[in-house]
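Here is how the chains run, residue by residue.
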Amino acid sequence: LNDFTEFSFKFGFPDDVIPAGKNLDQIKTEIRNLKALWNHIDVVQKQAAEYFQLSWGTIDCDQMDDEIKKLRKRLNDIKGIDRKGSVYSGVNDELKKWANFVPLLQDLKSPDMEVKDLSLIHI
């Protein structure tokens, strides 16, 4: 932009620099927002990978639910992102699936779901 500014003044077009500067600022803002989104996606993927490594006895559904809510809130707090775009909607859909899955886990971990007599299970 500095070279462009210098040449525009030399050739008598100093006002041509203003729109280019605005465009450059807008591009920098979009890049910063996209980096924030991709960084958040990385956090979401790492969290999901941790969940997949948990054994049944160590699953804390309440903690998972809180973490999912925080991840969804952070996603919604990212400004300047196209909410209809495939990147945003993809990670948002994954978080929604987790949010729907955790209550099912809570139900399965409920003491009411324990089978007291294995002979009652018909396979």
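Residues numbered from 1 in each chain as written. Predicted model: local features only at pLDDT ≥ 70, side-chain atom pairs only at ≥ 80, totals over all residues. Heavy atoms only, no water.

A.B. asks: So, the overall build of the chain: which residues are in play, and what are the values?
C.D. replies: Scanning the chain from terminus to terminus reveals four helices and zero strands. Taking all 123 residues of the chain together, the buried fraction comes to 24%. Of all intrachain contacts in the chain linking residues separated by at least 6 positions in sequence, the fraction that spans at least 24 positions is 64%. Just so you have it, the chain exposes about 9,500 Å², and 57% of that area is on carbon and sulfur atoms. (Helix = DSSP H or I, 4+ residues; strand = E, 2+ residues; numbered from the N terminus. Buried < 20%, exposed > 50% of the residue type's maximum accessible area, 1.4 Å probe, protein only. Contact = heavy atoms within 4.5 Å. Areas by Shrake-Rupley, 256 points an atom, 1.4 Å probe, with all protein chains shown as cover.)

A.B. asks: Mind laying out helix α3 (residues 61-77), listing which residues take part and the relevant values?
C.D. replies: Helical geometry note: an α-helix holds 3.6 residues per turn, so side chains three or four residues apart project in the same direction. An ideal rise of 1.5 Å per residue puts 24 Å on 17 residues; α3 measures up with 24 Å between its terminal C-alpha atoms. Those residues of α3 that sit buried are Cys61, Met64, Asp65, Ile68, Leu71 and Leu75. Projection of α3 onto a plane perpendicular to its axis shows the buried side chains occupying an angular sector of 125 degrees, all on one side. Looking at α3, the residues exposed on the side facing more than 90 degrees away from the buried face are Asp62, Lys69, Lys70 and Lys73. (Expected span 1.5 Å × (residues − 1). Arc of directions from axis to C-beta.)

A.B. asks: Run through a nonpolar patch on the surface, naming residues and quoting values.
C.D. replies: Where nonpolar side chains cluster on the molecular surface, the patch consists of Trp56, Leu108 and Met113 and spans about 330 Å² of accessible area. Following the sequence through the fold, Met113 ends up in the segment after α4 (86-109). Met113 gets classed as partly exposed once you look at its relative accessible area, which sits at 47%. (Patch = residues over 30% accessible without salt bridge, like charges linked within 9 Å, V, L, I, M, F, W, Y side chains within 5 Å. Salt bridge = Lys/Arg side-chain N within 4 Å of Asp/Glu carboxyl O.)

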